[in-house]
Amino acid sequence: ARVSAISRFIQDKLYEGKGSIGANLVLGGYDYFSSSSNKGGGGAMLMAIHPHGSIDVVPYTALGSGGLAAMSVLESRYRSDMTTEEGIQLVKDAVKAGIVNDMGSGSQIDLCILDYKHQTNENKEGGGGGGAVVVTYQRAVVQEE
């Protein structure tokens, strides 16, 4: 399903609940049909979805009891031209700041990395270009204290 379709479904359900559901959500994914990428033909999407159904499409976000500490790290160090490795380190540092500065936060950091891999004519069956989204899930990337 498209990220935009999933976000619309969630938005409709939250709007129907008029805030009574109390869900504050982050939705991320790769939408092949979105115009969020300047490469054309799709791109990564990240959305903050609020309890009454309003949605912000954002480059980064943090929610929850440690969200303010995490956002301070994200706001001070985020750059739009970061490498994947720099982004991973930024996320680790932001979540760790949320954990350290909030007694109600957990102590484990898991990462889910979505990466678009381009395919050339030589390595795609039947010829033609294109690509695929590769999902990597890393559990407990920072040692628990």
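Higher on the page you've got the structure.
Summary of the structure given here. Along each chain, residue indices are assigned from 1 in the same order as the chain's sequence is written. Owing to the predicted nature of the model, reporting of local features is limited to residues with pLDDT of at least 70; listing and counting of side-chain atom pairs is limited to 80 or more, with chain, interface and lining totals taken over all residues. Based on all heavy atoms of the structure, the side-chain values leave hydrogens and waters out of the count.

1. Observations regarding the packing of helix H2 (residues 67-77) against helix H3 (residues 84-100)
- Comment: axis = line fitted to C-alpha atoms, over the contacting stretch for helices; angle = value between 0 and 180 degrees taken between N-to-C directions. Each helix is a run of H or I in the DSSP string that is no shorter than four residues. Each strand is a run of E no shorter than two, and both are numbered from the N terminus. Contact pair H2 / H3: the axes reach a minimum separation of 6 Å and the direction vectors enclose 150 degrees. Comparing the axis directions of H2 and H3 gives the class roughly antiparallel. Crossing handedness for the pair H2 and H3: right-handed. Mapping the contact onto sequence places Ala-69, Ala-70, Val-73, Leu-74 and Arg-77 in H2 and Gln-89, Leu-90, Asp-93, Ala-94, Ala-97 and Gly-98 in H3.
- In the contact of H2 with H3, the residues fall into seven nonpolar, two polar and two charged. Each angle gets one of four labels, with under 35 degrees taken as roughly parallel, over 145 as roughly antiparallel, 65 to 115 as roughly perpendicular, and the rest as oblique. Rotating anticlockwise by less than a right angle from the far helix to the near helix defines a left-handed crossing, while the corresponding clockwise rotation defines a right-handed one. Note on definitions: a residue-residue contact is assigned when non-hydrogen atoms from the two residues lie within 4.5 Å. Amino acids are sorted into nonpolar (Ala, Val, Leu, Ile, Met, Phe, Trp, Tyr, Cys and Pro), charged (Asp, Glu, Lys and Arg) and polar (every other residue, Gly among them).

2. With respect to the nonpolar core
- We call a set of buried Ala, Val, Leu, Ile, Met, Phe, Trp, Tyr and Cys residues a nonpolar core when their side-chain atoms join them within 4.5 Å. Residue burial is assigned from relative accessible area. The probe radius is 1.4 Å, only protein chains are included, and a residue is buried under 20% of its type maximum, exposed over 50%, and partly exposed in between. The biggest cluster of nonpolar side chains holds nine residues, and these are Ala-62, Ala-69, Ala-70, Met-71, Val-73, Leu-74, Leu-90, Ala-94 and Ala-97.
- When contributions to this core are tallied by element, the ones reaching two or more residues are H2 and H3.
- Leave out the neighbours within four places in its chain, and Met-71 touches Tyr-60, Thr-61 and Ala-62.
- Grouped together as the second largest cluster of nonpolar side chains are seven residues, Val-3, Leu-14, Met-45 and Met-47 included.

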